[in-house]
Amino acid sequence: RKIRLTIKETPAQFTLSFEDSAFGLEAGTEEQVFDAGFSTRRNNKGEQEGTGMGLYIVKMFVQDNSGGTIRAIAKGGLGGACFVMTVPRAVEVVKA
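The sections below set out a description of the structure shown in this document. (Residues numbered from 1 in each chain as written. Predicted model: local features only at pLDDT ≥ 70, side-chain atom pairs only at ≥ 80, totals over all residues. Heavy atoms only, no water.)

**With respect to the pattern of salt bridges**
Following the criterion strictly, the structure yields two salt bridges and no others. Salt-bridge contacts for Glu19 lead to Arg4; the nearest nitrogen and oxygen are separated by 3.5 Å. On the criterion of sequence distance, the pair formed by Glu19 in strand 2 (residues 13-20) and Arg4 in strand 1 (residues 3-9) is long-range, its members being 15 residues apart. Across the pair Glu9 and Arg89 runs a salt bridge, and its minimum N-O distance is 2.0 Å. Taken together, the residues Glu9 in strand 1 and Arg89 in the segment after strand 4 (82-88) connect sequence positions 80 residues apart. Owing to a relative accessible area of 53%, Glu9 belongs among the exposed residues under this scheme. (Salt bridge = Lys/Arg side-chain N within 4 Å of Asp/Glu carboxyl O. Helix = DSSP H or I, 4+ residues; strand = E, 2+ residues; numbered from the N terminus. Buried < 20%, exposed > 50% of the residue type's maximum accessible area, 1.4 Å probe, protein only.)

**Re the nonpolar core**
Buried together is how nonpolar side chains tend to be arranged in soluble globular proteins. Ranked by size, the top nonpolar core spans twelve residues in total: Leu16, Leu25, Val33, Phe34, Val62, Ile70, Ala72, Ala74, Ala81, Phe83, Met85 and Val87. Secondary-structure elements contributing two or more residues to this core are strand 3 (69-73) and strand 4. The dominant element in this core, judged by the number of residues it contributes, is strand 4, at three residues. Ignoring anything within four residues of it in the chain, the contact list for Val33 reads Leu25, Phe38, Thr40, Leu55, Ala72 and Phe83. (Core = buried A, V, L, I, M, F, W, Y, C linked by side-chain atoms within 4.5 Å. Contact = heavy atoms within 4.5 Å.)

**Examining a nonpolar patch on the surface**
A surface patch of nonpolar side chains, amounting to about 280 Å² of accessible area, comprises Leu5, Ile7 and Phe18. Along the chain, the position of Ile7 falls in strand 1. Residue Ile7 is classed as exposed on the basis of its relative accessible area, which comes to 53%. (Patch = residues over 30% accessible without salt bridge, like charges linked within 9 Å, V, L, I, M, F, W, Y side chains within 5 Å. Areas by Shrake-Rupley, 256 points an atom, 1.4 Å probe, with all protein chains shown as cover.)

Following this line, the structure appears as structure tokens:
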């Protein structure tokens, strides 16, 4: 497996892209993957595995602590899922 992290910077924000070469996401689940309790992981019987809380926690952290956003892309450049996080730059406060 391959994992690629890309960071782009503008005067207003940072954009971080995380992608891998695994199976990707099922088309149409790009928004659902951030819902609490939603999991794409299945065991050999087809039953859901995991809590489905990981990406929900990431989304809440990004939104609540930075005012940023995160979105999913079913198939990224490496063939697997891609997650794109955008966070505004911190404003420097100068004390007099």
